[in-house]
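# A look at the structure
Here are the chains, one letter per residue:
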Amino acid sequence: MPEQGATPPVPGLVVDLADGVLTARFDRPEVFNAVSGEMMLGLADLLESVPARDDVRVVVLTGTGPAFCTGADISGEAAHERFDVRAMDVTNRVVRAVVACDRPVLAAVNGIAAGVGCSLALAADLSVAAASSSYLLAFTRIGFMPDGGASATVAASIGRARAMRMALLAEPLSAQDAYDAGLVSHLAADDEFADLVATLARRLASGPPLALAATKKALNAATLLPLEDSLERERSGQSVLMRTADVAEGMAAFSERRRPAFRGE
């Protein structure tokens, strides 16, 4: 008998429910958990189902292997031709579902969180960083702009100057620096990471659900008021960039493991 609110299995996304903790795990370690469109659709469906479920008290997002999630899978030939505004729409669905969910969402960042993986980690209510993890808004490296609400969530957490540095220069931020800057809520040594995640998930799962939901709603309203406008600006901007020669060059350079030559075209 399927579990309450169960969604169909999605390749690359492992879902587990135990003691009120719903865990969604990115499970493509061979590509550092880069996400496919199918994975993002599955995650959106899963998150959107949570408010109607009485068997879920907290949601945990994490990854398998050395990465949390390195963003969209742009490997292969003519990768840029697979991206259109529909990719932005499903990304925005996931981010909206994370923020709107009336249960706490915890990102357990076990390794590098890059691109939309970074955006998702930062959209979560709590983000636990393993000491060896890092955060990277890698979008400009391939000719894109940040999306997944990162233009709102990063600035809300660490301010405009640091957000600009992360977004414009695409410089990785270590777990320690991310914690010191206020980008993440918790930091743990690698060998203590799993225990801390489990402890926090249990605390949240046993907490007062109505109070947690009201608290999350109030804090998001106070700090993420620009999120909806940011998602729409990112969608519009990314839609234009998707059609540029610079993005085609950026994706080709990524696949060919070389430095891109951007021409502003």
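As shown above, the structure is provided for reference.
These numbers were taken from a predicted model, which means no experiment stands behind them. (Residues numbered from 1 in each chain as written. Predicted model: local features only at pLDDT ≥ 70, side-chain atom pairs only at ≥ 80, totals over all residues. Heavy atoms only, no water.)

## A few points about the overall build of the protein chain
Cut-off, in case you're wondering: To qualify as a helix, a DSSP run of H or I must reach at least 4 residues; to qualify as a strand, a run of E must reach at least 2; elements of each kind are numbered from the N terminus. Atoms counted for the radius of gyration: C-alpha only. Globule rule: 2.2 Å times residue count to the power 0.38. By the convention used here, residues are in contact when the closest approach between their heavy atoms is within 4.5 Å. The protein chains shown are the only cover counted for residues, whose accessible areas, like all others here, come from Shrake-Rupley with a 1.4 Å probe. Under the convention used here, Asp and Glu are negative, Lys and Arg are positive, and both His and the chain ends fall outside the count. The location of each charge is read from NZ of Lys, CZ of Arg, CG of Asp or CD of Glu.
Helix and strand content of the protein chain: 10 helices and 10 strands. By the compact-globule yardstick of 18 Å for 265 residues, the protein chain fits well, its C-alpha radius of gyration being 18 Å. Dimensions of the protein chain along its principal axes, counting C-alpha atoms only, are 55 × 40 × 35 Å. Looking at the protein chain alone, contacts between residues at least 24 apart form 71% of all its contacts between residues at least 6 apart. A total of about 12,700 Å² of accessible surface is found on the protein chain, and carbon and sulfur atoms cover 56% of it. In the protein chain, which carries 24 positive and 33 negative side-chain charges, the distance between the mean positions of the two groups comes to 4 Å.

## Points about the pairing of strand 2 (residues 21-26)
Let me state the cut-off plainly: Residue exposure (1.4 Å probe, protein chains only): buried if accessible area is under 20% of the type maximum, exposed if over 50%, otherwise partly exposed. The pairing criterion is simple: DSSP has to find at least two bridges between the two strands.
Burial analysis of strand 2 places five of its six residues in the buried class, the great majority of the element. When strand 1 (residues 13-18) meets strand 2, the two strands line up antiparallel, connected through six bridges. Residue pairing for strand 2: aspartate 16 is matched across the bridge by threonine 23. Hairpin connection, strand 1 to strand 2: the antiparallel pair is bridged by two residues, and aspartate 19 has positive phi, about 55°. Sheet analysis places strand 2 next to strand 3 (residues 58-63), joined by six bridges and oriented parallel. Looking at strand 3, one finds that threonine 23 is bridged to valine 60.

## A few points about the sheet that holds strand 7 (residues 126-130)
Keep this limit in mind: Helix axes use the C-alpha atoms of the stretch in contact, all axes being lines fitted to C-alpha atoms, and the angles between their N-to-C directions lie in the range 0 to 180 degrees.
A sheet is described by the order of its strands in space; here six strands give the open sequence 1-2-3-5-7-10, paired in mixed fashion. Edge positions in the open sheet fall to strand 1 and strand 10 (186-188), since each of these has one partner strand only. Neighbour-to-neighbour, the strand axes of the sheet open up by a mean angle of 20°, direction not taken into account. Across four bridges, the pairing between strand 5 (residues 105-109) and strand 7 is parallel. Bridged to alanine 107 within strand 7 is serine 127. Its contacts with the sheet put helix 1 (residues 37-49) on strand 1, strand 2 and strand 3, and the angle it makes with strand 2 is roughly 170°.

## Considering helix 2 (residues 85-100)
Which entries qualify depends on this criterion: Take the residue count of a helix, subtract one, and multiply by 1.5 Å to get its expected span.
For helix 2, spanning 16 residues, the distance from its first C-alpha to its last is 22 Å, which sits close to the expected 22 Å at 1.5 Å a residue. The complete set of buried residues in helix 2 reads Met88, Val90, Thr91, Asn92, Val94, Val95, Ala97, Val98 and Val99.

## With respect to helix 1
In this model, helix 1 (13 residues) spans 18 Å end to end at C-alpha, consistent with the 18 Å of a helix rising 1.5 Å per residue. Of the positions making up helix 1, those classed as buried are Met39, Met40, Gly42, Leu43, Ala44, Leu46, Leu47 and Ser49.

## Thoughts on the nonpolar core
For clarity, the cut-off: Here, nonpolar core refers to any group of buried Ala, Val, Leu, Ile, Met, Phe, Trp, Tyr and Cys residues whose side-chain atoms link them within 4.5 Å.
In terms of nonpolar packing, the biggest core is built from 63 residues, with Phe26, Leu43, Phe68, Tyr135, Val154 and Leu183 touching the most fellow members. Of all the elements, helix 2 adds the most residues to this core, at seven residues. Setting aside its immediate chain neighbours within four residues, leucine 43 contacts Leu13, Ala24, Phe26, Leu61, Val94 and Leu120. If you look at the next biggest cluster of nonpolar residues, it comprises 14 residues, including Val58, Val60, Phe193 and Leu200.

## Concerning the packing of aromatic side chains
Spelled out, the test is: The pairing test for Phe, Tyr and Trp rings, Trp by its six-membered ring, is centres within 6.5 Å, and the orientation test on the planes gives stacked under 30 degrees, edge-to-face over 60, and tilted for anything in between.
The final tally for this structure, using the stated rule, is one aromatic pair. On the basis of an interplanar angle of 85° and a centroid distance of 5.6 Å, the ring pair of phenylalanine 26 and phenylalanine 68 is categorised as edge-to-face. Residue phenylalanine 26 is located in strand 2, and its partner phenylalanine 68 is located in strand 4 (residues 67-69); the two are separated by 42 residues in the primary sequence. By relative accessible area, phenylalanine 26 is classed as buried at 2%. Its relative accessible area of 0% is what places phenylalanine 68 among the buried residues.

## Concerning the sheet that holds strand 6 (residues 112-114)
Here we have four strands laid out as an open sheet, ordered 4-6-8-9, and mixed in their pairing. The open sheet is flanked by strand 4 and strand 9 (173-174), the only strands paired with a single partner. Of the strand pairs in this sheet, strand 6 and strand 8 (residues 134-136) are connected by two bridges, and their pairing is parallel. When the sheet's bridge partners are listed, alanine 113 is paired in strand 8 with tyrosine 135. The sheet contacts of helix 3 (residues 116-123) involve strand 4, strand 6 and strand 8, and relative to strand 6 the element is tilted by about 100°.

## So, the pattern of salt bridges
Where we set the bar: Salt bridges, as used here, are contacts in which a Lys or Arg side-chain nitrogen is within 4 Å of a carboxyl oxygen on Asp or Glu.
Inspection of every chain in the model, using the stated rule, returns 12 salt bridges. The salt bridge involving arginine 96 is made with glutamate 232; its shortest N-O contact spans 3.0 Å. Residue arginine 96 is found in helix 2, and its partner glutamate 232 is found in helix 9 (residues 227-241); the two are separated by 136 residues along the sequence. Of the charged contacts in the structure, one is a salt bridge between glutamate 171 and arginine 165, with a shortest N-O distance of 2.6 Å. Counted as one network, the salt bridges with shared partners bring together Asp45, Glu48 and Arg93.

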